[in-house]
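# Summary of the model geometry
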Amino acid sequence: MFAELNELLGASPERPDAGKFTLLRDTRTDGSFLVHHFLSFYLRAGCKVCFVALLQSFSHYSIVAQKLGVNLAAAKEQGQLVFLEGLKSCLDLLFGEEEQPGQPSPLQFLSGSSRELRALFDFVRLSLTPCGPASWKGPVLLVDDLSVLLSLGAAPVAVLDFIHYCRVCVCCQLQGNVVVLVHSSEDSEDEENELVVNSLCHHSDLILWAQGLATGFCKDVHGQIKIIKRLSLRQAAEQDLVQIYQYKIQDRNVTFFAPGLSAAVL
């Protein structure tokens, strides 16, 4: 996890929040560093994590996590991490192989006429519902990235229903957290993706929006992040708190600074 980002968010692995839906959004840049942050954050916090990884392999996430001081293989063996490797699941489903004989694939919608995501929700619910004495802190669902489901043929309504039921189950019933990454483009012709993004923004407690620089590439400033704390979601009379920073991604860390105050400039 990135200590500077924790400071900006007022977050600590010793006192993780409960019942929050966090939306990670990226435009003209790669926001995957935010996924790695929250994955390592919640594992260090001792939370039970269900990671629906639709974009990269387990080995990719494991290599990055090791740089951040977290061992994903050990967390998986101990039962703290439930990892759905979407790439492998898709191939197994398309070629008729079952990961666990007798159990439907979480991505069952790929092989059926229905584009509902009920099997994926059931996988999340069973993975995070306590089945004995609680040894982990609150459950966490992490999805990287939701836009892939649309690319695989899931209907926008099905994707939004899936997130709705996950919020009700994880955030409300289990008092855990949901963190989801989506890609977006301000001039995109993908209306289905933008519909999903805009709908999720309205229901988010916290939005971290990573954006590429309008001026193009810069080796000392890799992008801009807009932090939107949705105070209006809890109290209608409140205004959302918006903070804007620029950032630079390093090998094992990400540094944040006010726009125009990069160390290279000063």
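A brief structural summary. For clarity, every value in this text was computed on a predicted model and none was experimentally measured. Residue positions are given per chain, counting from 1 as you read along its sequence in written order. Residues qualify for local features only when their pLDDT is at least 70, as the model is predicted, and side-chain atom pairs are given and counted only at 80 or more; totals for whole chains, interfaces and linings, by contrast, use all residues. Excluded from the side-chain calculation are hydrogens and water; included are all heavy atoms of the structure.

Below, the discussion takes up the packing of aromatic side chains. The criterion for an aromatic pair is that two Phe, Tyr or Trp rings (for Trp, the six-membered ring) have centres within 6.5 Å, with stacked assigned to planes under 30 degrees apart, edge-to-face to planes over 60 apart and tilted to the rest. Across all of its chains, the model carries nine aromatic pairs by this definition. Relative to tyrosine 61, the ring of phenylalanine 51 has its centre 4.8 Å away and its plane inclined at 70°; by these criteria the two rings are edge-to-face. Highlighted residues: phenylalanine 51 in strand β2 (residues 47-53) and tyrosine 61 in helix α3 (residues 58-67), separated in sequence by 10 residues. The buried label applies to any residue whose accessible area, calculated with a 1.4 Å probe on protein chains only, is under 20% of its type's maximum; exposed applies above 50%, and partly exposed to all values in between. A relative accessible area of 0% places phenylalanine 51 in the buried class. Judged by centre distance (5.9 Å) and plane angle (65°), the ring pair of tyrosine 61 and phenylalanine 83 falls under edge-to-face. One end of the pair, tyrosine 61, is in helix α3; the other, phenylalanine 83, is in strand β3 (residues 81-85), and 22 residues separate them in sequence. Since its relative accessible area comes to 1%, tyrosine 61 is described here as buried. Assessed through its relative accessible area of 10%, phenylalanine 83 is described here as buried. Numbering of helices and strands runs from the N terminus; a helix is a DSSP stretch of H or I covering at least four residues, while a strand is a stretch of E covering at least two.

Our focus in this paragraph is the packing of helix α6 (residues 118-128) against helix α8 (residues 156-173). Only the stretch in contact is used when fitting a helix axis, every axis being a line fitted to C-alpha atoms; angles between N-to-C directions are given from 0 to 180 degrees. In the contact formed by α6 and α8, the axes pass within 10 Å of each other and the chain directions differ by 15°. Judged on the interaxial angle alone, α8 and α6 are roughly parallel. You can see that α6 and α8 cross each other, and the crossing is right-handed. Here Leu120, Phe121, Val124, Arg125 and Leu128 of α6 lie close against α8, whose contacting residues are Phe162, Tyr165, Cys166, Cys169 and Val170. Residue type decides the class: Asp, Glu, Lys and Arg count as charged, Ala, Val, Leu, Ile, Met, Phe, Trp, Tyr, Cys and Pro as nonpolar, and the leftover types, Gly among them, as polar. A per-class count over the contact of α6 with α8 returns nine nonpolar, no polar and one charged. An angle below 35 degrees is treated as roughly parallel, one above 145 as roughly antiparallel, one from 65 to 115 as roughly perpendicular, and anything else as oblique. In this scheme the crossing of two helices becomes right-handed for a clockwise turn of the near helix relative to the far one and left-handed for an anticlockwise turn of less than a right angle. The contact definition used throughout considers only heavy atoms, calling two residues in contact when any of these lie within 4.5 Å.

Looking now at the pairing of strand β8 (residues 241-249). Pairing geometry for strand β7 (residues 223-229) and β8, over seven bridges, is antiparallel. Looking at β8, one finds that isoleucine 228 is bridged to valine 242. Two strands form a pair only when DSSP identifies at least two bridges running between them. Relative to strand β9 (residues 254-257), β8 is paired through four bridges, and the arrangement is antiparallel. Looking at β9, one finds that glutamine 246 is bridged to phenylalanine 257. A loop of four residues connects β8 with β9, the two strands running antiparallel in sequence.

Turning next to unusual backbone geometry. Between aspartate 144 and aspartate 145 the backbone carries a cis peptide bond, its omega angle lying at -15°. Residue arginine 28 is not a glycine yet carries a positive backbone phi of 60°. Tracing the sequence through the fold places arginine 28 in the loop between β1 (21-27) and α2 (32-44). Non-glycine residue glutamine 175 carries a positive phi angle of around 55°. Here glutamine 175 lies in the loop between α8 and β5 (177-183).

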